[in-house]
Amino acid sequence: MQMRSGAEYIVENGPDSGAEGGERLVFSGPLLVSTIGAIDQDVRTLDGPLGSIDLTDVDEIDTVGAWTVLSISREHDAEIIGANDRASRLIDAVSSAKSDAELEPKRAPIFERVPSAVGKQLSDWFSGLLNFLSFLGALIVAVGSVIRHPHRFRMKALIRQMELVGVSSLGIIGLMSFLIGIVISQQGAVQLAQFGAEALTVNLTGRISLRELGVLMTAIMVAGRSGSAFAAQIGTMKLTEEVDAMRTIGISPMEALVLPRILAATFMMPLLGAYAAGMAIVGGAFIADLTLGIPFFTFLSRIQEVVPTYDLWVGLLKAPVFGLIVGLAGCYQGMQVKDNSEQVGKRTTAAVVQAIFMVIVLDAFFAVFFTELGWA
């Protein structure tokens with residue numbers, strides 16, 4: 001016999017069991033969700049064949065208890081005896097609740113699934129395009145409104161965002177660029193040494209830092225750091241209905257939230273790009289002094305001789321465009337948040353992915369464009 005939490009059972013066998021073809025399982029006490037769990041595992045592991053299940057001494061029973069009794073009865077093909085009216089009704093109810101329906105819906109044939117999936121993707125893409133054009137139109141209207149009424153421009157918000165986008169990121173961007181400069185210089189020297197041209201490491205480090213990696217890596221870092229922050233901040237404000245409250249009291253969210261963030265990213269990217277390129281060159285000069293025997297200040301002075309001035313201008317021209325893309329992606333995705341907090345995470349991820357993707361695509365376009373102009 002087992003007694004746990006007020007529920008108990010006993011297995012009777014032999015001539016006094018009153019069961020034909022097997023043993024008799026006798027329950028007593030309350031068979032409730034709060035008591036049945038303690039003996040459920042023991043009862044289900046009974047080995048002997050059961051001829052009947054006796055509920056005569058069961059004083060209380062609920063749906064869980066009825067389902068447990070019924071499942072044991074079906075497993076052992078045992079008869080349920082001694083059940084009172086309540087137990088009988090519950091056992092009948094749960095026995096009729098069995099369903100033969102499939103747990104998973106049937107999967108449509110591939111010739112239906114593929115067109116349906118493609119159509120959904122196209123529909124979502126066109127819907128997203130229309131939403132972005134609507135957002136862009138609202139932004140242009142906000143810019144025009146601020147131009148007509150300069151006193152409505154939130155200069156303090158712009159300065160605050162410039163601090164967050166630019167000043168606060170100097171440490172991580174500087175460290176990243178310094179290490180990238182070390183990698184470019186060290187790996188470039190290893191490859192150029194095969195041709196006896198280690199001195200050209202200066203050219204490689206200077207040109208690739210100023211023209212490409214300085215601005216590109218900065219844009220990627222700003223997208224991951226500030227673009228995601230834009231989406232999360234605005235998205236959270238959408239969920240908490242702060243954006244709707246701003247509209248209610250006559251404040252344009254585009255002017256108060258979106259415009260300062262986009263301008264901050266656009267204005268700070270050229271400065272951050274130039275700073276990153278400079279730190280990459282310093283990193284290259286540092287490793288060259290240690291491993292190549294090129295003095296640190298000689299490396300820096302040589303940069304001025306071998307790197308064309310237009311490489312600097314190429315980087316500076318690309319930087320504000322990259323900043324604009326990062327700001328647009330972050331603010332647009334933030335304004336699309338709705339329904340639940342899960343949307344904040346999804347939109348933040350989408351903002352970072354879209355910004356990095358567009359930055360790389362535009363960088364490839366600029367590479368071809370400036371090459372055609374002869375700035376190669």
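Just so it is clear, the model here is predicted, and its values are computed rather than measured.

This part is about the side chain of aspartate 363. Relative to the assigned elements, aspartate 363 resides in helix α12 (residues 342–372). Every residue in contact with aspartate 363, bar those within four places of it in the chain, is listed here: Glu212, Leu216, Lys318 and Phe322.

Closest axis-to-axis distance for the helix α4 (residues 110–148)/helix α9 (residues 253–292) pair is 10 Å, and the angle between their directions is 95°. Relative to α9, α4 is oriented roughly perpendicular. The residues of α9 that touch α4, namely those facing Phe135, Ala138, Leu139, Ala142, Val143, Ser145 and Val146, are Met254, Glu255, Val258, Leu259 and Ile262.

All right, on to the pattern of salt bridges then. Summed over the entire model, instances satisfying the criterion amount to eleven salt bridges. In this structure, the salt-bridge partner of lysine 346 is glutamate 342, at a minimum N-O distance of 3.5 Å. Taken as a pair, lysine 346 and glutamate 342 lie in helix α12 at a separation of four residues, close to a single helical turn. Taking the relative accessible area as the measure of exposure, lysine 346 reaches 49% and is therefore partly exposed. A cluster of three or more residues bridged by salt bridges with shared partners is formed by Arg207, Arg211 and Asp311.

With that settled, consider the packing of aromatic side chains. By the definition in use, this model includes ten aromatic pairs. Relative to phenylalanine 126, the ring of tryptophan 125 has its centre 5.1 Å away and its plane inclined at 80°; by these criteria the two rings are edge-to-face. Taking the relative accessible area as the measure of exposure, phenylalanine 126 reaches 47% and is therefore partly exposed. Connected via pairs of aromatic rings, a cluster forms that spans Phe322, Phe365, Phe366, Phe369 and Phe370.

A few words on unusual backbone geometry. In most cases, non-glycine residues show a negative phi, while peptide bonds are predominantly trans. The phi torsion at aspartate 77 lies on the positive side, around 50°, for a residue other than glycine. Counting through the fold element by element, aspartate 77 comes out in the loop between α2 (63–76) and β5 (79–81). Positive phi is not limited to glycine here, since glutamate 241 has a value of about 65°. Within the secondary structure, glutamate 241 is located in the loop between α7 (201–239) and α8 (242–248). For glutamate 241, a relative accessible area of 53% translates into the label exposed.

This part covers a nonpolar patch on the surface. Taken together, the side chains of Ile110, Phe111, Val114, Val118, Leu122, Trp125, Phe126, Leu129, Leu130 and Leu133 present a nonpolar region at the surface, about 1000 Å² in accessible area. With respect to the helices and strands, the residue phenylalanine 111 is situated in helix α4.

What the rule picks out here adds up to one cavity of 30 Å³ or more. In this model, the largest cavity occupies a volume close to 30 Å³. Where the lining of the largest cavity is concerned, the elements lending two or more residues are α6 (170–192), α7 and α9. Class assignment of the residues belonging to the lining of the largest cavity gives a composition of six nonpolar, two polar and no charged.

Before going further, it helps to spend a moment on the layout of surface pockets. Size it by volume and the largest pocket reaches roughly 800 Å³. Taken together, 20 residues form the lining of the largest pocket, with Gly128, Leu129, Tyr332, Gln333 and Gln354 sitting closest to its centre. Put simply, the parts of the chain that give the lining of the largest pocket at least two residues each are α4, α11 (309–335) and α12. The greatest single-element share of the lining of the largest pocket, amounting to eight residues, is contributed by α4. Grouping the constituent residues of the lining of the largest pocket by class yields ten nonpolar, seven polar and three charged.

Among the structural elements, serine 71 can be located in helix α2. From its side chain, serine 71 meets the backbone oxygen of threonine 68 in a polar contact 2.8 Å long.

As a note on interpretation, predicted positions should not be read in detail where pLDDT is low. Summing up the model confidence of the protein chain, the mean pLDDT is 88 and the portion of residues at 70 or higher is 94%. Of all the helices and strands in the protein chain, strand β1 (residues 2–4) carries the lowest mean pLDDT, 42, while helix α5 (residues 155–165) carries the highest, 95.

Here we take up α7. Its axis deflected by about 60° at serine 209, α7 carries its strongest bend there. Trailing α7 by a residue or two, glutamate 241 shows a phi angle of about 65°, which is positive.

By the secondary structure assignment, glycine 119 is in helix α4. The class of glycine 119 is partly exposed, set by a relative accessible area of 35%. For the pair formed by glycine 119 and leucine 239, sequence separation is 120 residues and the distance between their alpha carbons is 30 Å.

Cut-offs used in this document
- Residues numbered from 1 in each chain as written.
- Predicted model: local features only at pLDDT ≥ 70, side-chain atom pairs only at ≥ 80, totals over all residues.
- Heavy atoms only, no water.
- Helix = DSSP H or I, 4+ residues; strand = E, 2+ residues; numbered from the N terminus.
- Contact = heavy atoms within 4.5 Å.
- Axes fitted to C-alpha atoms, helices over the stretch in contact; angles between N-to-C directions.
- Parallel < 35°, antiparallel > 145°, perpendicular 65-115°, else oblique.
- Salt bridge = Lys/Arg side-chain N within 4 Å of Asp/Glu carboxyl O.
- Buried < 20%, exposed > 50% of the residue type's maximum accessible area, 1.4 Å probe, protein only.
- Phe/Tyr/Trp six-rings, centres within 6.5 Å; stacked < 30°, edge-to-face > 60°.
- Patch = residues over 30% accessible without salt bridge, like charges linked within 9 Å, V, L, I, M, F, W, Y side chains within 5 Å.
- Areas by Shrake-Rupley, 256 points an atom, 1.4 Å probe, with all protein chains shown as cover.
- 1 Å grid on protein atoms, 1.4 Å probe; cavity = no way out; pocket = protein on both sides within 12 Å on 5 of 7 lines; lining within 4 Å.
- Points joined across faces, edges and corners; volume = space filled by probe spheres on them.
- Nonpolar A, V, L, I, M, F, W, Y, C, P; charged D, E, K, R; others polar.
- Polar contact = N/O pair within 3.5 Å; in protein donor to acceptor, adjacent residues only side chain to side chain.
- pLDDT = per-residue confidence, 0-100.
- Bend = angle between axes of the 7 residues up to and from the residue.

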